[in-house]
Amino acid sequence: SNVTIDATGLGDRIFRILPGAALTLENLTITGGIAAGTNYGNSADGEPGGAIYNASRLTLNNCILTGNSSGAGAGADIYGPIFGNIGGDGGGIYNGGIATLNNCTIANNSGGAGGASAGVNEYFEGSGGNGGNGGGIYNANKLSLVNCTLSDNSGGAGGNGGGAIFGPGSFEAGGGSSGG
């Protein structure tokens, strides 16, 4: 029968496959994974791979990945960088190695949200960070899908632009774009 690993409320990804390692998972549901996000003024992008970050070899057989997300980009503050950071890629899986998925379902996962910007003065305001790409899977290397279903995954929302408006002639910078 199908076993479930539910990381809801833990605030961390579930599997990280390091270089030189190999992992095979079968008949497993993976849910609730969230890659590390960031705090305001931290000047960091959200981490990739909400459920699984693969830097080597990954094989999934008859698995379901649902309800996972990559990390949110840091929002800016007026004391640090004024541009919002980028959301993490690969809400379900970030693949930087070799991944093979057989008879798997990747559904309802999302890329990380982009960070909001902060305004500095009436002459210069930041822009929001872009949302993370690949809500279901972000593939940076080699990926094989056999008889798999990918549905209802989404890229991360773009961060809000602008911030403070101080005087005549000031403007709000645009928000970041949503990931695909």
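Given the structure is predicted, the values throughout are model-derived calculations rather than measurements.

Scoring rules and cut-offs
Residues numbered from 1 in each chain as written. Predicted model: local features only at pLDDT ≥ 70, side-chain atom pairs only at ≥ 80, totals over all residues. Heavy atoms only, no water. Pairing = 2+ DSSP bridges. Helix = DSSP H or I, 4+ residues; strand = E, 2+ residues; numbered from the N terminus. Axes fitted to C-alpha atoms, helices over the stretch in contact; angles between N-to-C directions. pLDDT = per-residue confidence, 0-100. Contact = heavy atoms within 4.5 Å. Salt bridge = Lys/Arg side-chain N within 4 Å of Asp/Glu carboxyl O.

Draft legend 1. Spatial organisation of the sheet that holds strand S11 (residues 137–139). The four strands lie next to each other as S2-S5-S8-S11, forming an open sheet whose pairing is parallel. With one partner strand each, in any of the chains shown, strand S2 (15–17) and S11 form the two edges of the open sheet. Strand-to-strand, the axes of this sheet are offset by a mean angle of 5°, without reference to chain direction. Sheet topology places S2 next to strand S5 (residues 52–54); three bridges connect them, and they run parallel. Paired with Arg16 across the strands is Tyr53, a residue of S5.

Draft legend 2. Examining the confidence of the model for the protein chain more closely. For the protein chain, the mean per-residue pLDDT works out to 78, and 74% of the residues sit at or above 70. Low pLDDT (under 50) marks residues 162–180, which in the prediction has 59 contacts with non-local residues, meaning those over four places away or in another chain.

Draft legend 3. Just the sheet that holds strand S6 (residues 57–61), in detail. Pairing is parallel in the open sheet, where four strands are placed in the order S3-S6-S9-S12. Since the sheet does not close on itself, it has two edges, and those belong to strand S3 (22–26) and strand S12 (142–146), each with one partner. With strand direction ignored, the average angle separating the axes of adjacent strands in the sheet is 5°. Note: S6 against strand S9 (residues 98–102), five bridges, orientation parallel. The residue bridging Thr59 from the neighbouring strand is Thr100, located in S9.

Draft legend 4. Representation of unusual backbone geometry. For Asn103, which is not a glycine, the phi torsion comes out positive at approximately 55°. Mapping Asn103 onto the fold places it in the loop between S9 and strand S10 (105–107). With a phi angle near 55°, Asp152 is a residue other than glycine that sits in the positive phi range. Mapped onto the fold, Asp152 is located in the segment after strand S13 (149–151).

Draft legend 5. Region of the structure containing the pattern of salt bridges. Under the defined criterion, the tally for this structure stands at one salt bridge. Of the charged contacts, one joins Arg13 and Glu47 as a salt bridge, the two residues approaching to 3.4 Å between their closest N and O atoms. Here the residue Arg13 occupies a position in the loop between strand S1 (3–6) and S2, and Glu47 occupies one in the loop between strand S4 (28–31) and S5, the gap between them amounting to 34 residues.

Draft legend 6. The environment of Ile30, seen in detail. Locating Ile30 in the fold gives a position in strand S4. Residues Ile30 and Cys63, spaced 33 residues apart in sequence, show a C-alpha to C-alpha distance of 7.7 Å. The residues contacting Ile30, other than those within four sequence positions of it, are Ile5, Ile14, Phe15, Leu25, Ala51, Ile52, Ile64, Leu65, Thr66 and Asn68.

Draft legend 7. Layout of the environment of Ala22. Looking at where Ala22 falls in the secondary structure, it is placed in strand S3. With 32 residues separating them along the chain, Ala22 and Asn54 place their C-alpha atoms 9.2 Å apart. Leaving out residues up to four positions away in the same chain, Ala22 has contacts with Ile17 and Arg57.

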